[in-house]
Amino acid sequence: MLDVIVDAPGGLVPDDDTPAHITFAAGGQAANVAGWVDEYGGHARLFGPRAEAGPGRFVDEALEAAGIEVHGPVTGRAGTVLSVVSAGARSLASDPGSSSWLEQVAPGPWLDDADWLFVSGYALFRAPRPQVLVDVAAAARARGAQVAVDLSSAALINAYGPRRFRALWEALRPAVVLANEQEWAATNTPVPGDGGRASGFGAGGATVLVLKQGADGCSFVIDGVTDHRPALPATVHDVTGAGDALAAGFMLGGPDLAMQAAARCVSQVGAQPHTLLPDSP
């Protein structure tokens, strides 16, 4: 997706001009994770919708310039997300664009030698045939990769049907599930408390739960034991993408790097590392 970031420290002025700094970047949950993987020394391949011209082409070029391989079919209309950031708070307007590309997700060379397959919950919500994504996850596991899935949105979980959605992400047999407290609660499983044990789920009951708790930090539930990490000190400018940075850090380096990446993300404006943010399209 094209990510349009409007940094307006004083807020928007109704019916008048507002001084702001506006940045265009590659966006979307999977692209944000790929960007932070690249920033911390990993290599990422991204499968998603592509475009031959216009904003979608800019997204491809921005990702490729950062060294991220982009795979996927050409789609009719690229998605866009508008983020208005003011005094550390954000408002989002999101247009997912065409979802027809989800019919064409298939195993291929983009899975070769992968350590992880990260699946955005947004893809699960929007897939016309979710079994396609289940099959891709199975192919990735067969090639030696682990699967991570982010549950993405409590509101969309409730609209999709909590039990139906849980059955879908469980079918991916993830090694890691990432969710905030609202998203996890929406799957009809109690949130683990201090020292609590997560019920068995995913691949043989051994799945790691990464429970994102905002300013309160993050709990990593591993083998049923909760390892809570407080948020690292940071001046918060924008929380957009902090969970995506955390996901990338966890896959590359576990809880320590996860918390470092999240703290770095909230200290800037935008969901991509600043080293990957161009000034304009």
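As a reminder, the structure under discussion sits directly above these lines.
Predicted, not measured: the structure shown is a model, and the values here were computed from it. Each chain has its residues counted from 1, following the order in which its sequence is written. Totals for whole chains, interfaces and linings use every residue, but because this is a predicted model, local features are given only for residues with pLDDT of at least 70 and side-chain atom pairs only at 80 or more, for both listing and counting. Side-chain calculation: all heavy atoms of the structure are included, whereas hydrogens and water are not.

**Student:** I'd like a description of the packing of aromatic side chains, backed by residues and values.
**Tutor:** By convention here, two paired aromatic rings are described through the distance between centres and the angle between planes. Geometry of aromatic contacts follows a simple scheme: Phe, Tyr and Trp rings, the Trp one being its six-membered ring, pair when their centres are within 6.5 Å, and the pair is stacked under 30 degrees between planes, edge-to-face over 60, tilted otherwise. On inspection of all chains with the given rule, the structure shows nine aromatic pairs. Aromatic side chains Phe47 and Trp110 sit 4.9 Å apart centroid to centroid with 40 degrees between the ring planes, which places their arrangement in the tilted category. Separated by 63 residues along the polypeptide, Phe47 in strand E3 (residues 45–47) and Trp110 in the loop between strand E6 (89–95) and strand E7 (116–120) bring together distant segments of the chain. For the residue pair Phe47 and Trp110, the accessibility class agrees, reading buried in each case. Note on Trp169 and Trp184: the rings are 6.0 Å apart at their centroids and 40 degrees apart in plane angle, and the pair reads as tilted. Placement of Trp169 in helix H6 (residues 162–171) and of Trp184 in helix H7 (residues 181–185) is noted, with a sequence separation of 15 residues between them. By the criteria applied, helices consist of DSSP H or I runs no shorter than four residues and strands consist of E runs no shorter than two, each listed in order from the N terminus. Partly exposed describes any residue whose relative accessible area lies between the buried limit of under 20% and the exposed limit of over 50%, with all areas from a 1.4 Å probe on protein chains only and scaled to the type maximum.

**Student:** Break down the sheet that holds E6 for me, citing the residues and quoting the values.
**Tutor:** We call two strands paired when DSSP finds no fewer than two bridges between them. As summarised here, the arrangement of the four strands in space is E2-E1-E5-E6, forming an open sheet in which the pairing is mixed. On the outer flanks of this sheet lie strand E2 (21–26) and E6, each paired with one strand and no other. On average, each strand axis in the sheet is inclined to that of its neighbour by 15 degrees, with strand direction left out of account. Direction of pairing for strand E1 (residues 2–7) relative to E2: antiparallel, over a ladder of six bridges. With axes taken as lines fitted to C-alpha atoms, and helix axes fitted only over the stretch in contact, angles between N-to-C directions fall between 0 and 180 degrees.

**Student:** Got a sec to walk through unusual backbone geometry? Specific residues and values, please.
**Tutor:** Of note, Asp113 is a non-glycine position whose phi angle comes to about 60 degrees, a positive value. Residue placement: Asp113 occurs in the loop between E6 and E7. Positive phi outside glycine occurs at Ser152, with the angle close to 75 degrees. Structurally, Ser152 is set in the loop between strand E8 (146–150) and helix H5 (154–160). Exposure remark for Ser152: the relative accessible area of 10% places this residue in the buried category.

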